[in-house]
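# Structural overview for review
Okay, here's what each chain looks like letter by letter:
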Amino acid sequence: MNRVKKKMSIDKFLLANGKDSTTLFWLKTRQNPCFVFIKVPSTKTQASDYYQLGDLLTPEKRAIRLKVRECMEKEIAPIMTQYWEKAEFPFEVIPKLGALHISGGTIKGYGCPGLSITGSAVALAEIARVNASCSTFILVHSSSAMLTIGLCGSEMQKKKYLPSLAELSTIGSWGLTEPDYGSDASALRTTARKVLNLKLSPGGWILEGQKRWIGNNTFADVLVIFARNTATNQINGFIVKKDAPGLQSTKTENKIGLRIVQNGDILLKKVFVPDEDRLPGVNSFKE
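Residues numbered from 1 in each chain as written. Predicted model: local features only at pLDDT ≥ 70, side-chain atom pairs only at ≥ 80, totals over all residues. Heavy atoms only, no water.

A separate point is the pattern of salt bridges. Between side chains of opposite charge, pairing is possible as soon as their charged atoms come close. Following the criterion strictly, the structure yields 11 salt bridges and no others. Among the salt bridges present, the one from K86 reaches E88, with a minimum N-O distance of 3.7 Å. Given a relative accessible area of 37%, E88 falls into the partly exposed group. Salt-bridge contacts for D221 lead to K242; the nearest nitrogen and oxygen are separated by 3.1 Å. Within this pair, whereas D221 is found in the loop between β8 (204–211) and β9 (222–229), its partner K242 is found in the loop between β10 (235–241) and β11 (247–251), the two being separated by 21 residues in sequence. (Salt bridge = Lys/Arg side-chain N within 4 Å of Asp/Glu carboxyl O. Buried < 20%, exposed > 50% of the residue type's maximum accessible area, 1.4 Å probe, protein only. Helix = DSSP H or I, 4+ residues; strand = E, 2+ residues; numbered from the N terminus.)

Structure (structure tokens):
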């Protein structure tokens with residue numbers, strides 16, 4: 001129940017509070033004629049906006065918020081508890097999230113939505129409002145894996161990987177942290193050794209090491225992996241496919257938080273990555 005000055009129109013009130021002006025309501029006038037009370041039926045979930053941040057959004061960004069909110073509340077919220085209990089990922093929600101066309105966030109072109117920073121943030125906030133595990137899945141996939149390829153990948157890599165990632169027909173993961181190096185990720189030990197072009201195989205890199213707490217790792221199709229170049233001692237980035245020989249992914253069991261997120265370890269045993277899948281824009285940790 002909200003209190004507003006009588007002089008404010010009903011439409012303005014509903015707009016300021018993030019509600020459609022066609023929403024059913026009833027009025028009750030109290031003894032003080034300066035105020036009216038508006039009640040929205042309890043059958044429709046309403047999000048609190050105590051600081052009225054919604055007032056600052058453009059109509060386009062409000063449309064994004066409404067689209068994501070309706071999907072999350074109607075399609076995804078009802079099923080998430082059962083998956084949280086089982087600590088399993090709800091693969092059935094992936095097509096629904098893909099239909100929202102928000103993966104890739106601010107990336108322009110290559111099938112990505114090209115949202116503004118605020119528009120992308122609004123979409124992610126609406127997902128997190130309903131389920132933090134679901135938003136973590138999207139953040140790893142979109143804001144980590146896709147954005148790294150978008151910012152640091154070659155034109156060929158962007159054309160090859162981003163369109164299917166934007167549709168969520170393929171899933172991305174992002175491997176930086178290691179068992180001994182979490183917040184101190186710049187000290188990582190996973191190595192990348194250059195190998196020359198041979199007669200029967202192209203030139204490329206051999207990755208060896210281990211990653212830990214990597215989201216989406218057990219089912220991702222594309223993994224962005226960071227490793228230390230043995231020749232320069234600088235950190236480079238690589239795109240590794242899920243079926244690469246020597247790549248092993250395991251799930252971290254018995255978590256008490258973000259149980260739906262499939263965090264785990266990645267073990268790289270002489271994993272070969274062709275030159276075409278080295279990210280040219282990552283030549284040191286600073287980048």
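Once that is clear, we can look at the confidence of the model for the chain. Atom-level detail of predicted coordinates should not be read off regions where pLDDT is low. In the predicted model, the chain carries a mean pLDDT of 86, and 82% of its residues have values of at least 70. This stretch, residues 1–45, has a pLDDT under 50; its non-local contacts, to residues over four places away or in other chains, come to 52 contacts. (pLDDT = per-residue confidence, 0-100. Contact = heavy atoms within 4.5 Å.)

What follows is about a nonpolar patch on the surface. There is a patch of nonpolar side chains on the surface, built from Y50, Y51, L53 and L56 and spanning about 630 Å² of accessible area. The residue Y50 is located in the loop between β3 (35–39) and α2 (59–86) in this model. The class for Y50 is exposed, based on a relative accessible area of 73%. (Patch = residues over 30% accessible without salt bridge, like charges linked within 9 Å, V, L, I, M, F, W, Y side chains within 5 Å. Areas by Shrake-Rupley, 256 points an atom, 1.4 Å probe, with all protein chains shown as cover.)

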